[in-house]
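Coordinates in review
Each chain is listed here by its residues.
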Amino acid sequence: MASPALISDTEAWKDLKGHLEEIKKTHLRDLMKDAERCKSMMVEFDGVLFDYSRQRATLETVDKLFKLAEEANLKEKIHRMYNGEHINTTENRSVLHVALRASRDAVIQSDGKNVVPEVWNVLDKIQEFSERVRSGSWVGATGKALKDVVAIGIGGSFLGPLFVHTALQTDPEAIESARGRQLRFLANVDPIDVARNITGLNPETTLVVVVSKTFTTAETMLNARTLREWISAALGPSAVAKHMVAVSTNLTLVEKFGIDPKNAFAFWDWVGGRYSVCSAVGVLPLSLQYGFSVVEKFLKGASSIDQHFYSAQYEKNIPVLLGLLSIWNVSFLGYPARVSMESNGKGVSIDGVQLPFEAGEIDFGEPGTNGQHSFYQLIHQGRIIPCDFIGVVKSQQPVYLKGEVVSNHDELMSNFFAQPDALAYGKTPEQLHKENVPPHLVPHKTFSGNRPSLSLLLPSLNAYNIGQLLAIYEHRVAVEGFIWGINSFDQWGVELGKSLATQVRKQLHASRTKGEPVEGFNFSTTTLLTRYLEASADIPSDLPTLLPRI
């Protein structure tokens, strides 16, 4: 029997909708009393302990979610991804980021070809190159070692590597491996970001990694040209070949830019931008900073979860459970985001009366053009989210390059003026048909428009203007609170967690110094605390003074 066009038409979906009324009658304080339920909602794999007992769900809910997964053919779709089928149908591509961290002897096919040897060819090349740079056998134009790296990229070419870099920065092994080195990321087209990135750097000791699959990404290439000028002005144009390398597949444009094609590191069209951190996009800059051996451990950890995701049953499959619970929260319980914390996030009026409406907002954003590569898909074609656009007439750090159509700041502001119109007007199927867009892509390229925004344009961003901007938003919050009838100036919501942490703190002290068992907590917290104490039993009970050694 053919599957319905929409998952919401299935019996499993309708069953969950009906089940919602039962869940609305429950409270977590009651659900958490059931030790068997809590035990069933704990999953462990490869040292990772996952506890979802604090979800608004019963064991019956979870069973119904598994049935929804079966209706959606989840397991088959997972296997199709791992088998290299073109599940990215709008671009007619495989989706094989799992191949990027597969073991050297693995076999993963795309279009009838095992891609793993190609992956390892690039990894081996990265290892060899990064070791040459780190050891000082590869030097800059003046013979000095290259100890500082600036990675230029945006979206997935920046966010993933930055995440890993941030996490590794305080790891003892990574600290030792990175001693004397710097890694910076340049993403935003705003010239302020260029200024921040090169502050304190010497072109003689700097290596620039330009990450762009096509070598045509506007923001990335403008930033790349800017840093090429920075290097050339100090060391001469011939220095570019020694101070810039590329992660790209377009060797023609790489060479035209002034980079030796031998110093280009490949990745493939089956690597989605937001899944590219395990490719040369992330592995090259991270290996230059920390050494390939450290980065290889990161790849291996990812591979472990890849195997778990592929083979584990739903009941023990951590990624599957996380995904199903997200669907439950978003599509059934109506929770559109996971966390919001600010002083208008209230459920009662200033007089303590329960509000019959939602108060507070979920605020998020990004500077400049970064947002276009992270959440603009959502705001243009997903949920309707009113937007504030804040622009500045005069940049604090103007950059002008001879021969460019516009200045760097004009490039930034072009997006400031365009995006509100794009949200307001959208793009209709009729317009797309006139542009001869293939019919099967029309739904994907249609923009409904009618999405509200506001714009703030400041003359500059000096101290005075910054004070203006701050007050505008302070008073905006106050006005909202006045209209809603809530107190915009307290945050009792942060207190309960703090008070509960005091109880935990006392327990940890008693267990470490006196060996007392964990008592007075629910089953879930008792299990987690006990695991934590057992796994950290090597910490001495009489703690000596120990300071960070970063």
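Residues numbered from 1 in each chain as written. Predicted model: local features only at pLDDT ≥ 70, side-chain atom pairs only at ≥ 80, totals over all residues. Heavy atoms only, no water.

In the annotation of an unreviewed UniProt entry, the protein chain is listed under the name Glucose-6-phosphate isomerase and assigned to Fagus sylvatica. The record in UniProt for the protein chain states the following under Subunit (unreviewed entry): "Homodimer." If you open the UniProt record of the protein chain and go to Catalytic activity (unreviewed entry), you find "alpha-D-glucose 6-phosphate = beta-D-fructose 6-phosphate". (UniProt positions renumbered as here; feature names shortened; annotations may be inferred.)

Time to look at the packing of aromatic side chains. For the coordinates displayed, the defined rule picks out 13 aromatic pairs. Considering the side-chain rings of Y82 and F309, the 6.4 Å spacing of their centres and the 55 degrees angle between planes classify their relative orientation as tilted. A residue pair is termed long-range when its members are at least 10 positions apart, and Y82 in helix α5 (residues 74-82) and F309 in helix α14 (residues 292-311) qualify at 227 residues. The exposure class of F309 is partly exposed, given its relative accessible area of 21%. Here a set of aromatic residues connected by ring pairs shows up, and it is made of W13, W328 and F332. Between R228 and the ring centre of F257, over which it is positioned, the NZ or CZ distance is 4.2 Å. (Phe/Tyr/Trp six-rings, centres within 6.5 Å; stacked < 30°, edge-to-face > 60°. Helix = DSSP H or I, 4+ residues; strand = E, 2+ residues; numbered from the N terminus. Buried < 20%, exposed > 50% of the residue type's maximum accessible area, 1.4 Å probe, protein only. Lys NZ or Arg CZ within 6 Å of the ring centre and 35° of its normal.)

The next point concerns the packing of helix α1 (residues 11-24) against helix α15 (residues 318-332). For the pair α1 and α15, interaxial distance at closest approach is 11 Å and the crossing angle is 75 degrees. Relative to α15, α1 is oriented roughly perpendicular. Facing W13, L16, K17, H19, L20 and I23 of α1, the residues of α15 in contact are W328, S331 and F332. Within the contact of α1 with α15, the residues separate by chemical class into six nonpolar, two polar and one charged. (Axes fitted to C-alpha atoms, helices over the stretch in contact; angles between N-to-C directions. Parallel < 35°, antiparallel > 145°, perpendicular 65-115°, else oblique. Contact = heavy atoms within 4.5 Å. Nonpolar A, V, L, I, M, F, W, Y, C, P; charged D, E, K, R; others polar.)

Okay, a negative patch on the surface next. A cluster of acidic residues, E11, D63, E70, E71 and E315, forms a negative patch at the surface. Per element, the largest residue contribution to the negative patch is three residues, and it comes from helix α4 (residues 59-71). Tracing the chain through its elements places E11 in helix α1. (Patch = residues over 30% accessible without salt bridge, like charges linked within 9 Å, V, L, I, M, F, W, Y side chains within 5 Å. Areas by Shrake-Rupley, 256 points an atom, 1.4 Å probe, with all protein chains shown as cover. Salt bridge = Lys/Arg side-chain N within 4 Å of Asp/Glu carboxyl O. Lys, Arg positive; Asp, Glu negative; His and termini not counted. Charge placed at Lys NZ, Arg CZ, Asp CG, Glu CD.)

In this section: a nonpolar patch on the surface. A contiguous nonpolar surface patch, about 290 Å² in accessible area, is contributed by V393, F417 and L457. Residue placement: L457 occurs in strand β11 (residues 453-458).

So, about the pairing of strand β8 (residues 244-247). Here β8 shows a buried face lined by M244 and A246 and a second buried face lined by V245 and V247. As defined by bridge partners, strand β7 (residues 206-211) adjoins β8 across four bridges and the pair is classed as parallel. Bridging from a neighbouring strand, V209 pairs with V245 of β8. Where β8 and strand β9 (residues 264-265) come together, two bridges link them in parallel fashion. For A246, the partnering residue across the bridge sits in β9 and is A264. Once the chain exits β8 it traverses helix α12 (residues 251-257) before rejoining the sheet at β9, and the crossover so formed is right-handed. (Pairing = 2+ DSSP bridges. Right-handed = clockwise from strand over helix to strand, strands pointing away.)

Relative to the elements of secondary structure, A302 occurs in helix α14. Overall, A302 belongs to the buried group, its relative accessible area being 18%. Separated by 200 residues in sequence, A302 and A102 place their C-alpha atoms 8.9 Å apart.

Let us now look at the sheet that holds β9. Within the open sheet, the five strands sit side by side as β6-β5-β7-β8-β9. Their pairing is parallel. Of all the strands in the sheet, the pair left with one neighbour each is β6 (182-186) and β9. Sheet topology places strand β5 (residues 148-152) next to β6; five bridges connect them, and they run parallel. Within β6, the residue paired with I152 across the bridge is L186. Contacts from helix α10 (residues 218-235) reach β5, β6, β7 and β8, with the element oriented near 160 degrees to β7.

Another point: the nonpolar core. Core analysis: the largest hydrophobic core is formed by 79 residues, its most contacted members being F129, V247, W270, L284 and W328. A per-element tally of this core places helix α6 (residues 116-135) first, with eight residues. Counting contributing residues, this core receives three or more from each of domain 1 (7-72 + 312-490) and domain 2 (113-303). If near-sequence neighbours (up to four positions away) are discounted, L284 is found in contact with I126, F129, V209, V245, V247 and F265. Counting residues in hydrophobic clusters, the runner-up holds 21 residues, among them I152, V208, M221 and A246. (Core = buried A, V, L, I, M, F, W, Y, C linked by side-chain atoms within 4.5 Å. Domains from an automatic or database assignment.)

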